[in-house]
Amino acid sequence: MMFCFTLLVLNAKNLPPLDTNGLSDPYVTLRLLPEDLFGKEVKKTETIKSTLFPLFDEQFDFDVDPELLKETGACFHFTVKDYDKFSNDDIAGHAFFNLNNVMGLHENINVTGGFGSVPQQTLNIFHPKPEGQYFEILETRDEERAKLFVKAEKDLYEKTVSAHVSEK
Ligand SMILES: [Ca+2]
C-alpha cells in the first residue's frame, strides 16, 4: 500500500551570502534517499531573489511505500542552492531528515488535523567538505555505500544539532 507523504518547506534563515551583493537567490531541492529505494526524483521550490531569509511555504507530496520509510538510512535530503544567472548555482548547504521516526508510521494510524498537528522541524544546514568526494558517494547506485553515506551524514547532523542545543 502506498501512502502520500506531504512535506511543507517553510523557510530558511541566516543563509550564507553567495552573491557579490552580500545576498543570495535561494531555492531548495529535496529528494528521498537512498536512491536505490526511492528513485532519482528531485523536487524543488521556487527561487526567492536577493535574500538570506527566504520564505518558501511550498508543499510537496511524495507517494511512498511506508515500509520503505522504515529502512535504515531512509531520509529526506535537502540542498539549499543559490541561483546564478551566468554560472552554475552555488550550494549553500545540505540537510538531512531521518524518516524512521515519522509520526504515524509505526502506530499504523493516520495523522489527522493537518499540518497544525505535526511539529515543525528545524534543520541545520551544513556545507560538506570536500564537496567532490561527498557527491561522488551520494550519486552512487550501490545501496550499501549509499546507506553508509547517509549514516555518516546523520551522525554529523546529530552532532550539529547537539552543538546547536548546547549553545543555548
Ligand atoms: Ca545568485
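Residues numbered from 1 in each chain as written. Predicted model: local features only at pLDDT ≥ 70, side-chain atom pairs only at ≥ 80, totals over all residues.

## Topic: the sheet that holds strand 3 (residues 43-44)
Argument step 1. Pairing is antiparallel across the open sheet formed by four strands, whose spatial order is 3-2-5-6. Each edge of the open sheet carries a strand with a single partner, namely strand 3 and strand 6 (90-98).
Argument step 2. Sheet analysis places strand 2 (residues 26-33) next to strand 3, joined by two bridges and oriented antiparallel. Each residue of the ladder has a partner; that of L30, found in strand 3, is K43. (Pairing = 2+ DSSP bridges. Helix = DSSP H or I, 4+ residues; strand = E, 2+ residues; numbered from the N terminus.)

## Quick notes on the nonpolar core
Argument step 1. In terms of nonpolar packing, the biggest core is built from 19 residues, with V28, C75, F76, F78, V80 and L99 touching the most fellow members.
Argument step 2. Elements that contribute at least two residues to this core include exactly strand 2, strand 5 (75-82) and strand 6.
Argument step 3. Those residues in contact with V80 that lie beyond four places of it in its chain are A12, L15, P26, V28, A92, G93 and I125. (Core = buried A, V, L, I, M, F, W, Y, C linked by C-beta atoms within 7 Å. Buried ≥ 20, exposed ≤ 12 C-beta atoms within 10 Å, placed from the backbone. Contact = placed C-beta atoms within 7 Å.)

## Description of the environment of F62
Argument step 1. Mapped onto the fold, F62 is located in strand 4 (residues 55-64).
Argument step 2. In the structure, F62 is positioned 19 residues away from K43 in sequence and 9.6 Å away in space, judged by C-alpha atoms.
Argument step 3. If we ignore the near neighbours within four places in the chain, the residues touching F62 are F5, L7 and L32.

## Some thoughts on unusual backbone geometry
Argument step 1. Look at the link from L33 to P34: it is a cis peptide, with omega at -5°.
Argument step 2. Along the chain, P34 turns up in the loop between strand 2 and helix 1 (35-38).
Argument step 3. Notably, S50 is not glycine yet its phi reads approximately 50°, a positive angle.
Argument step 4. Turning to its location among the elements, S50 is positioned in the loop between strand 3 and strand 4.
Argument step 5. Phi is positive for D57, close to 50°, though the residue is something other than glycine.
Argument step 6. Checked against the element boundaries, D57 lands in strand 4.

## What to know about the confidence of the model for the protein
Argument step 1. When pLDDT is averaged across the protein, the result is 79; 67% of the residues are at 70 or more.
Argument step 2. Looking at the elements of the protein, mean pLDDT is at its lowest for helix 3 (residues 131-139), recorded as 50, and at its highest for strand 3, recorded as 97.
Argument step 3. In the predicted structure, residues 130-135 sits below a pLDDT of 50 and forms one contact with residues beyond four places in sequence or in another chain.
Argument step 4. For the stretch residues 163-168, pLDDT sits under 50, and the model shows one contact to residues farther than four places along the chain or on other chains. (pLDDT = per-residue confidence, 0-100.)

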